[in-house]
Amino acid sequence: MDIQHLKLLAARVRALLQQADHPVGHNQALDIAAAIPGLRNWPEVQAFPHRLDTVQLDGPALGRLAFRLKRQFALELSREELLAALDPKADPNLPEIWPTGPAPGVYLTTSQASIDALLARFEEASDGAVIYAEQAGSHWEGSIDLGENGLWSNGLRRVPSGTLIVVGPIDLEQSSWEDSGGRLEMACYKADLDQHRVAVLVNTPVPERVCEDVHLLVRSIPETEALEDALRGVISEQGELIERKPFHQGKQHRAFSAKPKHAARPAAIPAPARELMQSMLLKHRAGLVLVGAGDISEHSAIELVEACLALTNHCGPAARVMPRTRSTPSKYWDVPEAVKELPFLPSIQSAYDQGFRRIVVYGNYTDAEVYLQFPDVLFIASGWGCYVAETFTTAARLRMKPEIEVIDRVLAILSVVPLSEEIADLTLTDLYLKSERPRPTSTRYEEAMAFIEGGRVLRWEEQFEQLCQRYGEEQILQAVRRNEEVPRMLGRLLDQLKRSKQDIAVDYKERRRSEAEIETKNVVLQLAARLRGSPDNAIGTMDGPPQ
C-alpha cells in the first residue's frame, strides 16, 4: 500500500459515513483512514510513509478502522462490511491468514506429533503468523499461550480470520464428557463464526472412532445443529489439514462377536445371593445393578462385576466405559479376562450409539443422572461398600437428582465382605432386590437409605451371628483382624443391638466412627455374650463396661 492507495480508501470511508448520515470533510476522512496503518492522523502518515509498505487491508487493519468508527461516530461495522465497502472486488470468504490454504474449520488428531508437524507447516505457509494455543501447542516458539481461559480468551476476538488455534488435549471419557463437549462447542463457534482453523488434540481409548465420537458429542449439545458443519476433517502425520467427507460415518452398530473367548463366571457371588439375583435379573433387560466390596482397591468389586456379566447374558452384548484419563492407562487392564475382553469405550453415550445395551461403568466416576437418560440399558456399576446403603452411595454418584428417583431404576445392590481367605464360607453378604413396595414420598436422604435397608433379602448382621455360632471366638478374631473394614461394621451392628432394633434408619453422616476408636476384640466378645443369652443390658459400650 502507498499514500495514493490510502487516499482512495479515505474517499471510500467518507462515502460510507455519508451513507450512514455522518458527513465529514476531506481532511477528517484522511485522519480516519490513518487508522488502517495504525497511525493517529494524516500528518503522521506523511511523516512516516515507509509504514505503508507492509500494510494490507487485512483483519488487523480493518479491526483498527472499525474501532475508530465506533469510538468517533458510534457506528458499528463488521470487518466483512468494511471490506465490502473499501474493496468491492475482495472475496470476504477467503481467510486473511494463508488465504490459499485449507478451509477454516475444526480438524482432529489423536497424535501430538501431528500437531507439531502442523505448527511447522503453518508457520512456513503463513510467513510466521502468530499461533494461539492451549497446552497442546503452547510449547511452540511462535505461539501465544491462551492460558487458563483457553478458547474463551478475550484476545481471540480481534485476530484475523484463518488464524490457527490449537486446542487440547481434550479427553473423551465419562467423567469429563460434558466439559469436553463445552470446549468442542466453542471450537466450532470459533471456526464457524470467525473463520479460524482450529486443530484439536483428542485423547480417546478408540482413536479410530474419534470423528464419530466428537460428532456425537457436538450433536448432543442443545441448539447446536448448525455447528456440526464446522467439523471439517483430520490432521495427517505430516501436519496436513485434510477435509473428511462425510465427517462421520453415521450411526454404525458394531458387528458383535457371538461367543467371547473368555466366558464370565458367576462364582464370585455367594450361592444364596447368586440364586436370588439370577431369579430377579432374568425378568429384566434394563435397570441398574450396583455391586460393592469391603476393600478399597484400584478395581473394587471387579470380580462381582464379572459375575454379574455371567448373570445378564440374556441382555445382549456388553461394553465397558473409561471412567477418566490417567497417567498409567495399563492399570485399566488389571481386571479379569472376561472384563478385559469387553470393548473399552469413552462414554456411556458412545457405547449406546454403537448399539450396546449392557454397559459396565465405574460408579464413582459416573453421575447417576446419566443412568436415567437411558431407560433401555442395563448398567452394572461397581463401587465400594460393606453394606448395601454404602454401596449405593459410592456406586451411584448423585449430584442433582434425589436418591429415590435413582432407586426406582435399581434392580439389585450387592455387597460382599470376605472375612477369611482360608474359610470360604466366612463371608458377609448384604443384598437388596427390587420389589413392589411403595417408595417413600419424601426425597430426604435418610428415608431413601431406610427404604434400601428395608428391601434387603440377605442381611449381613444375621449372617455374622450365625458365623459366631458356627466357629469359635478365636477363629473369628483371627479372621477379622486381617480385614480392616470389619471393626467398623461390627461397631455399627453393636449399636443396633444395643438399641434392640434390627431395621433402623441410620443417619450415616452423623453415625460414622473412626476405625481407630473400635476395638475389634471387645466388639466380638460382646456379641458372643449376646449370643450366649446374656440380657440386653449386659452389652457394654466401646468406651466403658456394661451398665
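Everything below is about the structure shown above.
Residues numbered from 1 in each chain as written. Predicted model: local features only at pLDDT ≥ 70, side-chain atom pairs only at ≥ 80, totals over all residues. Heavy atoms only, no water.

Participant: In this structure, what is going on with the pattern of salt bridges? I would like to understand it.
Facilitator: Oppositely charged side chains are able to pair whenever their charged atoms sit close together. Following the criterion strictly, the structure yields 14 salt bridges and no others. For Glu 212, the salt bridge is made with Arg 244, and the minimal N-O distance between the two is 3.6 Å. On the criterion of sequence distance, the pair formed by Glu 212 in helix 8 (residues 210-219) and Arg 244 in the loop between strand 7 (241-243) and helix 9 (271-281) is long-range, its members being 32 residues apart. The residue Arg 265 makes a salt bridge to Glu 306 at a minimum N-O spacing of 3.8 Å. Of this pair, Arg 265 sits in the loop between strand 7 and helix 9 while Glu 306 sits in helix 10 (residues 302-311), and the two are 41 residues apart along the sequence. According to the relative accessible area criterion, Arg 265 is exposed, its value standing at 57%. (Salt bridge = Lys/Arg side-chain N within 4 Å of Asp/Glu carboxyl O. Helix = DSSP H or I, 4+ residues; strand = E, 2+ residues; numbered from the N terminus. Buried < 20%, exposed > 50% of the residue type's maximum accessible area, 1.4 Å probe, protein only.)

Participant: It is not clear to me how helix 17 (residues 460-470) should be interpreted in this structure. Could you clarify?
Facilitator: For an α-helix, 3.6 residues make a turn, and residues three or four places apart therefore share a direction. Taken as a whole, helix 17 has its buried residues at Trp 460, Glu 461, Gln 463, Phe 464, Leu 467 and Cys 468. Around the axis of helix 17, the buried residues are gathered within 160° of arc, so they sit on the same side. (Arc of directions from axis to C-beta.)

Participant: Explain the nonpolar core to me, please; I cannot follow it from the model alone.
Facilitator: Where a protein is soluble and globular, its nonpolar side chains tend to be buried together. Counting 43 residues, the largest nonpolar core has Leu 290, Ile 348, Ile 359, Phe 379 and Phe 392 as the members making the most contacts within it. With five residues, helix 16 (residues 445-454) is the single largest residue contributor to this core. Formed by 35 residues, the second largest nonpolar core is a distinct cluster that contains Val 305, Ala 307, Val 339 and Leu 378. (Core = buried A, V, L, I, M, F, W, Y, C linked by side-chain atoms within 4.5 Å.)

Participant: In this structure, what is going on with the packing of helix 1 (residues 3-19) against helix 2 (residues 26-33)? I would like to understand it.
Facilitator: When two helices pack together, you describe them by how their axes are tilted relative to each other and by the distance separating the axes. With their axes 8 Å apart at the nearest point, helix 1 and helix 2 run at an angle of 110° to one another. Taken together, helix 1 and helix 2 sit at an angle that is classed as roughly perpendicular. Seen from above, helix 1 lies across helix 2 with right-handed handedness. Residue-level inspection shows Leu 6, Lys 7, Ala 10, Val 13, Arg 14 and Leu 17 of helix 1 in contact with helix 2, the latter providing His 26, Ala 29, Leu 30, Ile 32 and Ala 33. Tallied by class, the residues present in the contact of helix 1 with helix 2 amount to eight nonpolar, one polar and two charged. (Axes fitted to C-alpha atoms, helices over the stretch in contact; angles between N-to-C directions. Parallel < 35°, antiparallel > 145°, perpendicular 65-115°, else oblique. Left-handed = near helix turned anticlockwise from the far one by under 90°. Contact = heavy atoms within 4.5 Å. Nonpolar A, V, L, I, M, F, W, Y, C, P; charged D, E, K, R; others polar.)

Participant: Explain unusual backbone geometry to me, please; I cannot follow it from the model alone.
Facilitator: Negative phi values dominate among residues other than glycine, just as trans dominates among peptide bonds. The peptide bond linking Gly 168 to Pro 169 adopts the cis configuration, its omega dihedral lying at 5°. As for its placement among the helices and strands, Pro 169 is situated in strand 4 (residues 164-171). Cis rather than trans, the peptide bond between Lys 245 and Pro 246 has omega equal to -10°. For Pro 246, the location among the structural elements is in the loop between strand 7 and helix 9. Positive phi outside glycine occurs at Asp 21, with the angle close to 65°. Backbone geometry at Asp 127 places phi at a positive 55°, although glycine is not the residue there. Looking at the element boundaries, Asp 127 is found in the loop between helix 6 (112-125) and strand 2 (131-133). For Asp 127, a relative accessible area of 76% translates into the label exposed.

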